[in-house]
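Chains, contacts and geometry: an overview
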Amino acid sequence: MSPSTPASSRSVAIRPWREGDDRALAQVLPDPQSPAQLAARALLREPGESPLTRTVVAVVDSVVVGAAAVAASPAHPTRAWVHVEVAPGERRTGVGSALLEAAVAEAAGTPLEGLGLRTRIVADDSVGGPFARAHGFTDLFTTRIVRIEAAALGGAGLDRTEDLQVIDTGSVALTQAFAGWYERVNALDPAAPMSIGQVNSRFLSEAAGAHGAALWRPVGADAGAQAPDLNKRPVTAFAVSYAQRHDEEAETPAQGGLAVGGAPVGGDDVFAATGGEDATELTVGSIDGNLEDLRSLIARLSVDTPVVVEVTDAMQTESALVDELLAAGTARVLTAYTTLVRD
Ligand SMILES: CC(C)(COP(=O)(O)OP(=O)(O)OC[C@H]1O[C@@H](n2cnc3c(N)ncnc32)[C@H](O)[C@@H]1OP(=O)(O)O)[C@@H](O)C(=O)NCCC(=O)NCCS
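This structure is a prediction, so every number in the text was calculated from the model and none was measured. (Residues numbered from 1 in each chain as written. Predicted model: local features only at pLDDT ≥ 70, side-chain atom pairs only at ≥ 80, totals over all residues. Heavy atoms only, no water.)

**Topic: the confidence of the model for the chain**
- Mean pLDDT over the chain stands at 88; residues scoring 70 or higher make up 87%.
- Across residues 1-6 the pLDDT falls below 50, and counting only partners more than four positions away or on other chains, this stretch makes 5 contacts in the model.
- pLDDT under 50 marks residues 246-271. Its contacts with residues more than four places away, or in other chains, come to 85 contacts. (pLDDT = per-residue confidence, 0-100. Contact = heavy atoms within 4.5 Å.)

**Remarks on the pattern of salt bridges**
- Scanning the entire structure with this criterion turns up 15 salt bridges.
- The partner of aspartate 189 in a salt bridge is arginine 118, and the shortest N-O contact between them spans 2.5 Å. Of this pair, aspartate 189 sits in the loop between α5 (172-185) and α6 (196-204) while arginine 118 sits in strand β6 (residues 116-122); the two residues are 71 residues apart in sequence, bridging distant segments of the chain.
- Between arginine 295 and glutamate 324 there is a salt bridge whose closest N-O contact spans 2.4 Å. One end of the pair, arginine 295, is in helix α8 (residues 291-301); the other, glutamate 324, is in helix α9 (residues 316-328), and 29 residues separate them in sequence.
- Judged by relative accessible area, arginine 295 falls into the buried class, the value being 13%.
- Residue class for glutamate 324 comes out partly exposed when judged on its relative accessible area of 34%.
- Connected through shared salt-bridge partners, Arg79, Arg118, Asp189 and Asp343 make up one network. (Salt bridge = Lys/Arg side-chain N within 4 Å of Asp/Glu carboxyl O. Helix = DSSP H or I, 4+ residues; strand = E, 2+ residues; numbered from the N terminus. Buried < 20%, exposed > 50% of the residue type's maximum accessible area, 1.4 Å probe, protein only.)

**Description of the site of the ligand**
- Taken together, 20 residues surround the ligand, and among them Val86, Arg92, Gly94, Gly96 and Ser97 come closest.
- Within the backbone of arginine 92, a nitrogen or oxygen atom sits 2.6 Å from an oxygen atom of the ligand.
- Taking threonine 93, its main chain carries an N or O atom lying 3.3 Å from an oxygen atom of the ligand.
- The protein chains hide 76% of the 910 Å² of surface that the ligand would expose on its own.
- A per-class count over the shell around the ligand returns 7 nonpolar, 9 polar and 4 charged. (Near = heavy atom within 4 Å. Polar contact = N/O pair within 3.5 Å; in protein donor to acceptor, adjacent residues only side chain to side chain. Areas by Shrake-Rupley, 256 points an atom, 1.4 Å probe, with all protein chains shown as cover. Nonpolar A, V, L, I, M, F, W, Y, C, P; charged D, E, K, R; others polar.)

**Looking at the nonpolar core**
- In terms of nonpolar packing, the biggest core is built from 41 residues, with Ile148, Phe178, Ile298 and Val309 touching the most fellow members.
- Ranked by the residues each element gives to this core, the list is headed by α5, at 7 residues.
- With residues near it in sequence (within four places) discarded, isoleucine 298 still touches Ile148, Leu153, Val284, Val307 and Leu321.
- In terms of nonpolar packing, the next biggest core, distinct from the first, is built from 22 residues, Val60, Ala68, Leu117 and Leu340 among them. (Core = buried A, V, L, I, M, F, W, Y, C linked by side-chain atoms within 4.5 Å.)

**Some thoughts on the side chain of threonine 317**
- Structurally, threonine 317 is set in helix α9.
- Beyond its immediate sequence surroundings of up to four residues, threonine 317 is in contact with Ser286, Gly289, Asn290, Leu291 and Leu294.

**A closer look at the pairing of strand β13 (residues 331-342)**
- With 9 of 12 residues buried, β13 lies mostly within the body of the structure.
- Strand direction decides the pairing type here: β6 and β13, joined by 6 bridges, are antiparallel. Within β13, the residue paired with arginine 120 across the bridge is threonine 339.
- In this sheet, β13 lies alongside strand β7 (residues 138-148) in antiparallel orientation, the contact comprising 10 bridges. Pairing of phenylalanine 141 across the sheet is with threonine 339, part of β13. (Pairing = 2+ DSSP bridges.)

Structure, rendered in structure tokens:
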């Protein structure tokens, strides 16, 4: 077929995925340009049962020109992942729409049927965004990966060193604080129920890359001379640091965003984003919405090194702090992506 063949005269066939389609797709699809695109591309894979995945491809004149997949999302099971991708030269002729419909049809009769759908695009993507919205998806939240420069928070909380507790990542207080925070910030896309042990192994264990943690446990203004024991004070903010990971095949860093914004998708390392290399990766959370406590905690952890944190729209206190630093020019967004859903 010559490239000038009008779309109307071509025959587009949609069929289930076959062996070898991954190689055929790699020939026609551009290389992913961001961690979010890489993660989405990883969904275009052989159909299987774990996680449950159904994949279809579009063929024009015997050439594979695109694919779509619907895949279960075990960590956030009320919705399934969906991704559609079409070779640049074949776009705007209805192939993407046909693929989306066919992937959903292919998932019928499996536990995926009837689930809401979730997709993730680079924030402000002027192609994927309009396509998804044209098919009934609406924006759920945006996730920003932000680098905070060393000493950006100056002396915040320096006078409150007694409120800081450096703690083992196996700590029950940390795990409980993290679990409650995680459930709250994921309310828009609920996480599967997890035991405290599962929360610890998934996000706070050595295997998850966690290697340090700190809690903010304020003495309280009216404690007087009889300040309660550090271990008995309420936790108002936490931070967990993660080892740098450069292995593309590695599980998503627990930090993640991926953790936060949806189920990890294979091989997605959010910190592959340029600019995070020399920084400490932190998951930070405010338990009670107290901006000063969060500020003091991050200030203490970023005295000498930049830190990279991830915030979603659902993290109000964390976002407020980041917005303040962005406005001051002491932080910058490394990458941002938007999660859209169709329920
Ligand atoms: C998004 C994508 C799959 C669309 O494939 P496609 O075959 O061009 O899609 P369609 O022709 O079926 O487009 C359907 C509608 O989506 C919207 N749309 C698609 N591409 C668009 C663009 N570049 N700008 C604005 N709207 C667009 C339009 O409403 C379009 O209808 P119209 O052509 O009648 O105006 C393709 O551009 C792609 O592979 N992009 C990169 C991957 C991606 O972003 N995927 C989306 C995540 S689900």
